Amino acid sequence: MKLVARFGLPLAMILTLGAPAAASAGMATGVNAGPYLDSATAKAINAASISRVRAPVFWRDVQPTGPDSWVWEGTDEQVRLAAQHSLVLDVVLAGSPEWAIS
């Protein structure tokens, strides 16, 4: 737990999501969702027969006030939308909150 407190969200994401899976022999089609995956975008991606979507999780949004603050609602919504539309969600950790770079 001391490692998570010291290194914050990046380490927590790695520990939670695990190491990248081995590359498959087949190709997957995917798109970037933009800054956030929303319902209309998820529906359009699914309608286009695309199975994967890459969406950022902004560290500043998940830990806005320090290493002990956690706000997962925005990320939860993206995961819920991806599942609802049968999309594989590739999460990309992006950015840093002010408290981590000051």
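Refer to the structure printed above.
These numbers come from a predicted model, not from an experiment.

A. Molecular detail of the side chain of histidine 85. With respect to the element layout, histidine 85 can be found in the loop between helix H5 (73–84) and strand S3 (88–94). Note on histidine 85: relative accessible area 14%, which makes it buried. Not counting residues up to four positions away in its chain, the partners in contact with histidine 85 are Ser39, Ala42, Lys43 and Asn46.

B. Representation of the packing of aromatic side chains within the structure. Scanning the model with the defined rule gives 3 aromatic pairs in all. Geometrically, the ring pair formed by tyrosine 36 and phenylalanine 58 is tilted, given 5.6 Å between the ring centres and 55° between the ring planes. Highlighted residues: tyrosine 36 in the loop between strand S1 (30–32) and helix H3 (39–47) and phenylalanine 58 in strand S2 (residues 52–58), separated in sequence by 22 residues. Geometrically, the ring pair formed by tryptophan 70 and tryptophan 72 is stacked, given 5.7 Å between the ring centres and 10° between the ring planes.

C. Geometry of unusual backbone geometry. Phi at serine 49 is positive, roughly 60°, even though this residue is not glycine. Within the element layout of this structure, serine 49 appears in the loop between H3 and S2. Owing to a relative accessible area of 67%, serine 49 belongs among the exposed residues under this scheme. Of note in the backbone geometry, serine 86 takes a positive phi value of approximately 55° without being a glycine. Examined against the element boundaries, serine 86 turns out to sit in the loop between H5 and S3. Assessed through its relative accessible area of 60%, serine 86 is described here as exposed.

D. Region of interest: the sheet that holds S3. Read across the sheet, 3 strands follow the order S1-S2-S3 without closing on themselves; strand pairing throughout is parallel. Both edges of this open sheet fall to S1 and S3, since each of them pairs with a single strand only. On average, adjacent strands in this sheet sit at an angle of 30° to one another, irrespective of strand direction. Pairing analysis gives 7 bridges linking S2 to S3, with the strands arranged parallel.

What counts and how
- Along each chain, the written sequence defines residue order, and numbers are assigned to residues from 1.
- Under the rules for a predicted model, residues below a pLDDT of 70 receive no local features and side-chain atom pairs below 80 are neither given nor counted, while totals for whole chains, interfaces and linings still include all residues.
- Only heavy atoms go into the side-chain values, all of them from the structure, while hydrogens and water stay out.
- The secondary structure listing takes helices from DSSP runs of H or I that are at least 4 residues long and strands from runs of E that are at least 2 residues long, numbered from the N terminus.
- Using a 1.4 Å probe on the protein chains alone, a residue whose accessible area is under 20% of its type maximum counts as buried, one over 50% counts as exposed, and one in between counts as partly exposed.
- Here, two residues are considered to be in contact whenever any of their heavy atoms come within 4.5 Å of each other.
- Between the rings of Phe, Tyr and Trp (Trp by its six-membered ring), a pair exists once the centres lie within 6.5 Å; its type follows the angle of the planes, with under 30 degrees stacked, over 60 edge-to-face, and the other angles tilted.
- Strands were regarded as paired on the criterion that DSSP finds at least two bridges between them.
- All axes are obtained by fitting lines to C-alpha atoms, using only the stretch in contact for helices, and the reported angles, taken between N-to-C directions, cover 0 to 180 degrees.

Note that every value here comes from positions in space, so none of it alone points to a role or purpose.
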